Number of protein chains: 8
Amino acid sequence: MSLDTLLDDFEAGQVTRDELKQRLMRHTFVDAGCAKIDLHRELRAGGPEVVYCESKTPEQVATIFQEIVSHNGRVLGTRADVAHYNAVTKVLDARYDEVSGLLVVGDPHSDPGGKIVVVSAGTSDLPVAEEAAGTAEFLGSRVERHYDCGVAGIHRLFSVMDKLADASAIIAVAGMDGALPSVVGGMAAAPVIAVPTSVGYGASFQGLAALLTMLNSCAPGIAVVNIDNGFGAGFMAHKINNMARQQTLK
Amino acid sequence: MSLDTLLDDFEAGQVTRDELKQRLMRHTFVDAGCAKIDLHRELRAGGPEVVYCESKTPEQVATIFQEIVSHNGRVLGTRADVAHYNAVTKVLDARYDEVSGLLVVGDPHSDPGGKIVVVSAGTSDLPVAEEAAGTAEFLGSRVERHYDCGVAGIHRLFSVMDKLADASAIIAVAGMDGALPSVVGGMAAAPVIAVPTSVGYGASFQGLAALLTMLNSCAPGIAVVNIDNGFGAGFMAHKINNMARQQTLK
Amino acid sequence: MSLDTLLDDFEAGQVTRDELKQRLMRHTFVDAGCAKIDLHRELRAGGPEVVYCESKTPEQVATIFQEIVSHNGRVLGTRADVAHYNAVTKVLDARYDEVSGLLVVGDPHSDPGGKIVVVSAGTSDLPVAEEAAGTAEFLGSRVERHYDCGVAGIHRLFSVMDKLADASAIIAVAGMDGALPSVVGGMAAAPVIAVPTSVGYGASFQGLAALLTMLNSCAPGIAVVNIDNGFGAGFMAHKINNMARQQTLK
Amino acid sequence: MSLDTLLDDFEAGQVTRDELKQRLMRHTFVDAGCAKIDLHRELRAGGPEVVYCESKTPEQVATIFQEIVSHNGRVLGTRADVAHYNAVTKVLDARYDEVSGLLVVGDPHSDPGGKIVVVSAGTSDLPVAEEAAGTAEFLGSRVERHYDCGVAGIHRLFSVMDKLADASAIIAVAGMDGALPSVVGGMAAAPVIAVPTSVGYGASFQGLAALLTMLNSCAPGIAVVNIDNGFGAGFMAHKINNMARQQTLK
Amino acid sequence: MSLDTLLDDFEAGQVTRDELKQRLMRHTFVDAGCAKIDLHRELRAGGPEVVYCESKTPEQVATIFQEIVSHNGRVLGTRADVAHYNAVTKVLDARYDEVSGLLVVGDPHSDPGGKIVVVSAGTSDLPVAEEAAGTAEFLGSRVERHYDCGVAGIHRLFSVMDKLADASAIIAVAGMDGALPSVVGGMAAAPVIAVPTSVGYGASFQGLAALLTMLNSCAPGIAVVNIDNGFGAGFMAHKINNMARQQTLK
Amino acid sequence: MSLDTLLDDFEAGQVTRDELKQRLMRHTFVDAGCAKIDLHRELRAGGPEVVYCESKTPEQVATIFQEIVSHNGRVLGTRADVAHYNAVTKVLDARYDEVSGLLVVGDPHSDPGGKIVVVSAGTSDLPVAEEAAGTAEFLGSRVERHYDCGVAGIHRLFSVMDKLADASAIIAVAGMDGALPSVVGGMAAAPVIAVPTSVGYGASFQGLAALLTMLNSCAPGIAVVNIDNGFGAGFMAHKINNMARQQTLK
Amino acid sequence: MSLDTLLDDFEAGQVTRDELKQRLMRHTFVDAGCAKIDLHRELRAGGPEVVYCESKTPEQVATIFQEIVSHNGRVLGTRADVAHYNAVTKVLDARYDEVSGLLVVGDPHSDPGGKIVVVSAGTSDLPVAEEAAGTAEFLGSRVERHYDCGVAGIHRLFSVMDKLADASAIIAVAGMDGALPSVVGGMAAAPVIAVPTSVGYGASFQGLAALLTMLNSCAPGIAVVNIDNGFGAGFMAHKINNMARQQTLK
Amino acid sequence: MSLDTLLDDFEAGQVTRDELKQRLMRHTFVDAGCAKIDLHRELRAGGPEVVYCESKTPEQVATIFQEIVSHNGRVLGTRADVAHYNAVTKVLDARYDEVSGLLVVGDPHSDPGGKIVVVSAGTSDLPVAEEAAGTAEFLGSRVERHYDCGVAGIHRLFSVMDKLADASAIIAVAGMDGALPSVVGGMAAAPVIAVPTSVGYGASFQGLAALLTMLNSCAPGIAVVNIDNGFGAGFMAHKINNMARQQTLK
């Protein structure tokens, strides 16, 4: 029963005030009519149209993509493989990036104005870094990439120091010892989102070592996302970049 | 030898080009003259004057505080106890908050304009939440606190939903199951900084359970700091809030 | 030697009281004749006819199924694959569900009357949720399914709140952050059985994160089963539902 | 603004239907007037009046107790020490049990009719077992205790086998190897709530060994609560026992 | 240089006493000629002729087998697959057991007289149990097998209680909750060697749960070997059985 | 009802055969009359009179000691402190060893004949080594101690190699790297019981490092007990030594 | 712009001193033209030309190899497979070792003079031991190999004791219990680099057990590298060996 | 029986060749006469006179110190407290450093010539860094200290870059994120010994985070010692420094 029907019934005296109160408490109204979708969009402000493809069949992904595109005109798929792409491209005009596994339909959101910088330690971190960069770009942010800047050759990082200076947010991606964000955090004014990757072997324990390093960073202004979670980092960075725009608009 | 002296010698022919190149490569010049202090300030933009008191003696803290205040006029101490306060208050006009363990001398930095909201799950998370709030306030941000909003009584969180809507950044503090940031992240547009606390017993493993929950949150736009690291969360939130201001100023 | 033979011998004076006592103490009679099976059924009240298929060959499963069906008329197989199904279907009239991996011969047990509700966080949790639901149904319970109710979009859960109100037991299935049972436990009067799934990546550590979250839930009235253990949850929920019936019958 | 006031204003035309809908969606009404407490009671059916005392001062506990007793007439405190008791007993007529750390004011809830059996492996598990038993009793359940029944002397457990037969729910408490629930689960028809305790040394890792044992139990019909969480087990068992009553009443 | 040659030279005056002493101290003679093998046998009394096949090529295994058989007349291979068997059987008269992965050439050692009992919890533990049994048999011990005696159906264990009474050593093999050795240890006078298996899923963590259970067993007279280490258990049990014989011979 | 009464009633026709069978199945008779104690002794052959004192009050220990001594004439207490000793010594003639924490009343059991050798790596392992030695001595075994034989100075171990040759069982105690049992196991024919101790710091993780080392020992004929579990090792070694005697007596 | 060009411009007056200083501070010159490679060589003294092949395509490896060889005349690839070798061998004269996975182009560096000894516990440790040996050899060190010296047959280690005496550095490689470095460290004057391997099963946890053993070694003069990190050990050993030479040259 | 006596008896015909061979095999001669002490000194070349004081009484330490000083003239005690110092200073002329806990009697060993540099990340790492420095100094090495060089302010590290250039070995001490050795290893030619400290909180897990970071360092030429093991690092560094001297002397 929709909220309107309920209030109609209340006004018509067919529902007592006590009954009304009891129903309100239980339902919270979110599933009243089309409010569900609207609220959904409102709740996940900045881009709810994201589909995690990995555990879904190509057919499922194609169906979900069609549904979302019919409402929103655009959609982003993460952890997609070629089979997903093939299924989607039959019914929609899609772009696919094999490195990051991102599958996109439609134009990116409008640019909030600021810049996000993605730095990564090694070439093996590329897929995660690209997932982060591509996600932020889909959401509308401008992204600058500086890869292969690991701290074991610290000069490589210094050569991009200038570029960090005017970023709204920095995404620092590293596996193995995960030391990159600590050094970046000590050099830049922007908030740093650290992404541990599962790159490494032995006692890297699939990214646990890098995760712990980043959580224990001595440099302030660093927060961490899950191992290999480029999507999460890109989304977080965009939210920060977006905040800047919203403040500007006020 | 300062960079100027070195270049003087090079121009005077007392240092060959090869020698010059070798020295440049080794020194990187950052400690040339007073650049060290300047760079230092630049590097840790937004507030370098923070002292971690826990492993220092009251006398050490008092000395460090005096030195920093003589340069910057203000300083923040974290994890301070009453003994630290007593030592500092003899020589400086200090304010101390027993719950958060923050020890402050001087006025906060100027307000960048936005608002940070701190929500916490239970009353036991108070010290960490207050460390986060107090840190952000010292750095200049305006902070709004909403405590005791754990998801086991989800209505408590809904009652503050309005307040989350216009935040630049949200800090969500929780121990035990650490589920609060997941729900907050699904409801708010602002970036969420999740702080796991060591509150709990048994298989909470001193905050490990909450940490893992937060890293695995299904809601996008969440990043995590170390267990009980209220300071780190406050600093990160301020950096985000500050970004917004900087964009506005451009 | 069966218990009857032993007692015959005792009555016939061929076994002394001392001998009888010694044998009773050692043997506990469970392997006396067909008593073994009877006791077995008694001990594991509510359905002992369950076969874990995963590590067994199709032939072994077919043989075991035939043996149990010849005694009990029904049997449930868990973690079965198509090969198991093919082997069993040659000799018995079997039903197989590919999603849950459940393989059933015979009618379910009689319905104890109450209702079990299964809620799950995401579509990837489906196999585990269906294993739980199918197990409870085989044991005789009525089951209601509400899937894709993760807390990152909390309104999805609220839309099924009414359905939780009259359940005898609730099964809450979630991977990643595992926060669902905490919210459900705060909203429902029925006991909640939490099932962590291995869905997730990075620091989910194959379900460890969700497991710890659930064990540390702040909401009372929650107990947890092993990671991905839909069968265990379904069995536990049925036992609870069954308890209700037994009390009614007294 | 309370829900009644809001509905008054709506009926009086001072609040439009759209305004009303908007407010309902945001607030969920739970903090409207005294509704908060009512809902609270409804949500956590069977006893919300529980205070975790450990991290609170005696004065805080006394204040909270007075407030709850003034509304509900009764309250249960867990993990209380003598200081908490002394503070409460000055203002209220309280009972305190040093072994379990339970602090009670007022009469228990009314008895739902069934019986809960608490079995424990060793005498060192007593505090946890008593916390479970006392919690269930406060909530209104009848509880039977059988302690020191560890599986290393399996006959001790068999001597209480009869008592398990007519329980609505069984709580099995064990530290060290945590094997008790596996054996109990194989012998009894009632659902078993397993409670690992931190009793043990070396590779028991403060209860982790027992926790893992119980999660991996081969016997069906077992679910597990957090290490040393007697309160959680007692609450869960009461909810199960209560379910039985509710079915009876229908 | 062999020990005999060295002593010959010493007696012939070609090696001084000092030289002799120095060589003895450094070399310990073990690599002097064929002494190495002899010492080897002495050191690892009861059967050094064991080859771990898993990480070796079929050709390597065949070569090693031939070498050992030419000296000792017999050899045992563990973790062998069919390819190993095929390679060995071309050059030697070998027996292979697919379940345990044991590959044997030659007759077992002579029987020390006592009896080893192997009990296992489930049918999935069979490969490990058989590796233990086959190893002990190769070393000369008589072995009695009682499988599928898990504690979730405790009567199955009681039915073999008599058989445990006269064992020299008991090997108890179990995965999942690993509770079997605790119950066996409480019922039998013989020393119990507990073998955790990697059988299980979820929070069994590839046998870690069973390992911890066994290490924390409340029953005395239990010691534990590595996860899935049937060979180690069989060897240990044989050493115990052998000790009994040696005492008898004195 | 005792077993005799039950059989009387059966013979008198007051209990039917069916009733008798049903009771036998349920009760297993172990608690029938004084059989409980007798069985107890039988089950835990070789010495059930052991009391773990650590978590008990001095008064409780004194009471339990008196009860056991009145039945058995002797008792062993482990992990006792001076307060336990003082309480027991008031009522019984007790001996106390501060290093091992063993508290003994009465004479040891009779000597089975063989010899147990206890070797330890460092002086810090003394308390655990002494707990092992004292336990085995109380149970009747003859024990030889060789301490401070760590592998970092391998010659110290070689100097006792002769003594290992005629042991029935060897207990090897080590903390830190826990490498001692591997070397001992390669040199001796007797079964080796490895005891990891919590001696060490940093990544020893309270004995976890030593535990894992020992479980992974390359030398066959080694089994492991819990961290710091000297009692368990002493008991296991005595059981092995006892086996040897029993075989001799046959 | 290269450093030379910059200095030319400075001398020519086209770059002011202030501009020069600013550029020096920011860039550190390392990416100025070919300076990058030079500095690189200086920084990672003793051999920067190492390529981790595992996560790279054969084409990528071939390209990188060509580039490095064109500058340095030599290059080392680690964790290479046959496909990498095939791709490289088409364009360069390469040597490939299947056991260690090392892929080499060009002559080794010049010999610093000392000797590195590599000892390993078992034949399964061969790939890691060879990666260590081959790396050190490529860097110019002379290497002596002694394999299969595990401590379970301690005499095997003693037979190579002489060889350890004049090593500049010792690399001790072991899986399973990882006890080898402890014994070697107690016997040799040279610094010992311990390499845990992932060889083992069950509670070896892919090398974690060996890693912890080595970190907790009681013998002084031991340091540890990552699990299976033969390359790291070879590099470290060469650096030590190289140090010796450098001291000699002074 | 000493080796000489044994050889006398052999030459005198009182011991047969077979008897001689058997004894040689068993004894390995290391404890023949005074060889034990000599070997001991030889085995632990560079300084065996180190006493770990932490778990010893002041009296024990004083006794051991006297004994060693009477043989060697010097001794080093680690992890000593004031009570140890007081006991030793009564009988010997001792020096004590409260920060490092080092207690020294006698002059340091003679200087091998090279230089060891100790760098540390923060002031809280001082005790561990000083234990490392003091140990190396006692063993005879010259040590240079550069503290508070954490990577969060990377310029601090660059200011000491020159000093790293001519070190024989570098000890890099860091807690929290443990990133210091990675950056140092990328800048210096000398081998780096990384020491993780337990400094930090939350997910530093008492130094585990720093330990894993260091083991996974991307920079080659780094090896790691146990958490807080300053002594081990100092010893290892000295051994490396000493190697350099030994090569020089050849």
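Everything discussed here concerns the structure shown above.
Participant: When you look at the overall build of chain A in this model, what are you seeing that I'm missing?
Facilitator: A tally of helices and strands in chain A yields 11 helices and nine strands. When each of the 250 residues of chain A is scored for burial, the buried share is 61%. Taking the intrachain contacts of chain A between residues at least 6 apart in sequence as the baseline, contacts between residues at least 24 apart amount to 66%. Taken as a whole, chain A presents about 8800 Å² of accessible surface, with 49% of it coming from carbon and sulfur.

Participant: For this particular structure, what's the right way to read the packing of helix α4 (residues 58-72) of chain B against helix α5 (residues 82-89) of chain B?
Facilitator: Helix packing geometry: the angle between the two helix axes and the distance between the axes. Residue and element names in this part refer to chain B. α5 packs onto α4 with a crossing angle of 45 degrees between their chain directions and a minimal axis gap of 8 Å. Accordingly, the angle class assigned to the pair α4 and α5 is oblique. Note that α4 runs across α5; the crossing there is right-handed. Contact residues: α4 offers Pro58, Val61, Ala62 and Phe65, while α5 offers Ala83, His84, Ala87 and Val88.

Participant: Mind showing me how you'd approach the interface of chain D and chain C here?
Facilitator: Accessible area lost during the coming together of the parts is what is often quoted as the interface size. Counting residues at the interface gives 37 residues for chain D, matched by 37 residues for chain C. In this assembly, chain D packs against chain C so that about 3200 Å² is buried in total across both faces, 65% of it on carbon and sulfur atoms. Considering only the side of chain D, the residues that lose the most area to chain C are Leu215, Lys239 and Met243 of chain D, jointly responsible for 18% of the buried surface there. Across the contact surface, chain D and chain C share zero salt bridges. Put simply, chain D and chain C have seven residue pairs in polar contact (both at pLDDT 80 or more) between them.

Participant: Looking at this structure, I do not really get the packing of aromatic side chains. What am I missing?
Facilitator: The description of an aromatic ring pair rests on the distance of the ring centres and on the angle between the ring planes. Under the counting rule described, the total for this entry stands at 28 aromatic pairs over all chains. For the pair Tyr85 of chain A and Tyr96 of chain A, a centre-to-centre distance of 5.3 Å together with 15 degrees between the ring planes defines the contact as stacked. Of this pair, Tyr85 of chain A sits in helix α5 (residues 82-89) while Tyr96 of chain A sits in strand β3 (residues 94-97); the two residues are 11 residues apart in sequence, bridging distant segments of the chain. For Tyr85 of chain A, a relative accessible area of 24% puts it in the partly exposed group. The positively charged end of Arg79 of chain A is found above the aromatic ring belonging to Tyr201 of chain C, 4.3 Å away from the centroid.

Participant: Honestly, the relation of the copies chain D and chain C in this entry has me stumped. Any pointers?
Facilitator: Copy one and copy two of the chain differ by a rotation about an axis and a translation along that axis. Once chain D is rotated about the relating axis by 180 degrees and shifted along it by 0.2 Å, it coincides with chain C to within an RMSD of 0.3 Å. Here the copies are linked by what is in effect a two-fold axis. Most of the interface of chain D is mirrored in chain C, where 100% of its interface residues are also at the interface.

Participant: Just to check I follow, could you spell out the sheet that holds strand β4 (residues 102-105) of chain A for this structure?
Facilitator: Think of a sheet as strands paired side by side through backbone hydrogen bonds, with each pair either parallel or antiparallel. All names here are of chain A. Ordered in space as β1-β2-β4-β3, the four strands form an open sheet in which the pairing is mixed. Strand pairing shows two members of the sheet lacking a second neighbour, β1 (50-52) and β3, which therefore form its edges. Within the sheet, the average angular offset between the axes of one strand and its neighbour, ignoring direction, is 15 degrees. Direction of pairing for strand β2 (residues 75-78) relative to β4: antiparallel, over a ladder of three bridges. Within β4, the position partnered with Leu76 by the bridge is Val104. Of the strands in this sheet, β2, β3 and β4 touch helix α6 (residues 126-138), which is tilted by about 15 degrees from β4.

Participant: How should the environment of Ile154 of chain B be read in this particular structure?
Facilitator: Assignment of secondary structure puts Ile154 of chain B in helix α7 (residues 154-158). Between the C-alpha atoms of Ile154 of chain B and Val183 of chain B, which are 29 residues apart in sequence, the distance is 9.0 Å. In this structure, Ile154 of chain B is in contact with Val183 of chain B together with Ile154, Phe158 and Val183 of chain C, ignoring residues within four places of it in sequence.

What counts, and where the lines are drawn
- Residues numbered from 1 in each chain as written.
- Chains lettered and ligands numbered in written order.
- Predicted model: local features only at pLDDT ≥ 70, side-chain atom pairs only at ≥ 80, totals over all residues.
- Heavy atoms only, no water.
- Helix = DSSP H or I, 4+ residues; strand = E, 2+ residues; numbered from the N terminus.
- Buried < 20%, exposed > 50% of the residue type's maximum accessible area, 1.4 Å probe, protein only.
- Contact = heavy atoms within 4.5 Å.
- Areas by Shrake-Rupley, 256 points an atom, 1.4 Å probe, with all protein chains shown as cover.
- Axes fitted to C-alpha atoms, helices over the stretch in contact; angles between N-to-C directions.
- Parallel < 35°, antiparallel > 145°, perpendicular 65-115°, else oblique.
- Left-handed = near helix turned anticlockwise from the far one by under 90°.
- Buried area = accessible area lost by both parts, 1.4 Å probe.
- Salt bridge = Lys/Arg side-chain N within 4 Å of Asp/Glu carboxyl O.
- Polar contact = N/O pair within 3.5 Å; in protein donor to acceptor, adjacent residues only side chain to side chain.
- Phe/Tyr/Trp six-rings, centres within 6.5 Å; stacked < 30°, edge-to-face > 60°.
- Lys NZ or Arg CZ within 6 Å of the ring centre and 35° of its normal.
- Least-squares fit on C-alpha atoms with pLDDT ≥ 70 in both.
- Pairing = 2+ DSSP bridges.

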